[in-house]
Amino acid sequence: MQGIVFGESPRWHEGQLWFSDWGANEVIALGPDGGHEVIVKIPSFPMCIDFLPDGQLLIVDSAQRQLLRRDADGSLVRHADLSAVSEKPWNDIVVDDRGYAYINSIGFNFPADEFAPGFVVLVTAEGVVRQVADNLAFPNGMAITPDGRTLIVAESYAERLTAYDIEPDGGLGDRRVWAATPGDHPDGICIDAENAVWYADVGNRHCVRVEEGGAVLATVELDRGAFACALSRGENPYLYVVGQNWGGPQASERTGQVVAFPAPAPGAGKP
């Protein structure tokens, strides 16, 4: 697919690739035949998405500091209020099998303000919000391992993937470096069935597959910035990458596209 303003947050869901076009304020479902449908429009930037276990869509409405839920009839309702935690921009989201949503904030207004550390909050299935991690250097993509026991966060400014144990109450503990990515600034990430992580890198215009410890297993190159990636499930898996030429948050040129590469293993875990 071409003609996207600012593609982000791809998710494989029920045989389609869902993603957000932050520049057009749209959530889009892209079918395997190339046809696509605009599911909903939200005037927000960022605007990341994921799904509850029952299939309901969750949307991080950063502009209004809230988490929205799209109900079965297509209506949007507030799932959680994020404003009491922070007025800074909210970024990525990943939801586990219990319906617990992890959402991060980069901690400062990018690119205008000086750097400040970011953090992660947990939103329970009932919409209760609490902070569960802090002191992250521009947290970006997040993923949960197939066993549901580990959360991995891309720290773009620290050039690393950071892991936490997921505790029974949803809290995060035992922070550690899952993989260093020297020279790369990981953005969106996804996990495959062989427990490897793919991360997208905007400046270096590629996606890289790494195992725990940091060994590089594969790399795919793009002709523009790679912002995020997602894997299909089942046989003949593909890695889908959303990317565009970086022109800042106010860019309006439609340089964005979705490209697909054959992948060595299908997606697993969350998202």
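Before reading on, note that the structure itself is shown above.
How each quantity is defined
Residues numbered from 1 in each chain as written. Predicted model: local features only at pLDDT ≥ 70, side-chain atom pairs only at ≥ 80, totals over all residues. Heavy atoms only, no water. Helix = DSSP H or I, 4+ residues; strand = E, 2+ residues; numbered from the N terminus. Rg over C-alpha atoms; globule rule 2.2 N^0.38 Å. Buried < 20%, exposed > 50% of the residue type's maximum accessible area, 1.4 Å probe, protein only. Contact = heavy atoms within 4.5 Å. Core = buried A, V, L, I, M, F, W, Y, C linked by side-chain atoms within 4.5 Å. Pairing = 2+ DSSP bridges. Axes fitted to C-alpha atoms, helices over the stretch in contact; angles between N-to-C directions. Patch = residues over 30% accessible without salt bridge, like charges linked within 9 Å, V, L, I, M, F, W, Y side chains within 5 Å. Areas by Shrake-Rupley, 256 points an atom, 1.4 Å probe, with all protein chains shown as cover. Salt bridge = Lys/Arg side-chain N within 4 Å of Asp/Glu carboxyl O.

Caption draft 1: Up close: the overall build of the protein. When you go through the protein residue by residue, the secondary structure sums to zero helices and 24 strands. Here the protein has a C-alpha radius of gyration of 17 Å; the compact-globule value for 271 residues is 18 Å, and the two agree. C-alpha atoms of the protein, sized along the principal axes, occupy 40 × 40 × 40 Å. Among the 271 residues that make up the protein, the fraction classed as buried is 58%. Once local pairs closer than 6 in sequence are excluded, the contacts in the protein between residues at least 24 apart make up 43%.

Caption draft 2: How the structure looks around the nonpolar core. Core analysis: the largest hydrophobic core is formed by 30 residues, its most contacted members being Trp18, Val27, Leu57, Ile59, Leu67, Ile93 and Ile103. Elements with a contribution of two residues or more to this core: β4 (26-30), β5 (36-41), β6 (49-51), β7 (57-61), β8 (66-70), β10 (90-95), β11 (101-105) and β12 (118-123). Per-element accounting of this core gives the leading share, four residues, to β7. Sequence-distant contacts of leucine 67, defined by excluding residues within four places in its chain, comprise Leu58, Ile59, Val60, Val77, Arg78, His79, Ala80, Leu82, Ile93, Ala101, Ile103 and Val123.

Caption draft 3: View of the sheet that holds strand β2 (residues 7-13). Pairing is antiparallel in the open sheet, where four strands are placed in the order β2-β3-β4-β5. The sheet terminates laterally at β2 and β5, the two strands that pair on one side only. Geometrically, the sheet is characterised by an average inter-axis angle of 25° between neighbouring strands, direction not taken into account. Relative to β4, strand β3 (residues 16-21) is paired through five bridges, and the arrangement is antiparallel. Note that in β4 the partner of aspartate 21 across the bridge is glutamate 26.

Caption draft 4: Main features of a nonpolar patch on the surface. A surface patch of nonpolar side chains, about 420 Å² in accessible area, is lined by Phe110, Phe115, Tyr157 and Trp246. Relative to the assigned elements, phenylalanine 115 resides in the loop between β11 and β12.

Caption draft 5: Broad picture of the pattern of salt bridges. Enumeration according to the criterion identifies 15 salt bridges in this entry. Between arginine 78 and aspartate 81 there is a salt bridge whose closest N-O contact spans 3.9 Å. Residue arginine 78 is classed as partly exposed on the basis of its relative accessible area, which comes to 49%. A salt bridge links arginine 175 to glutamate 155; the shortest N-O distance between them is 3.2 Å. One end of the pair, arginine 175, is in strand β17 (residues 172-180); the other, glutamate 155, is in strand β15 (residues 150-155), with 20 residues separating them in the sequence. A single network of salt bridges, built from pairs that share partners, joins Arg11, Asp50 and Asp92.

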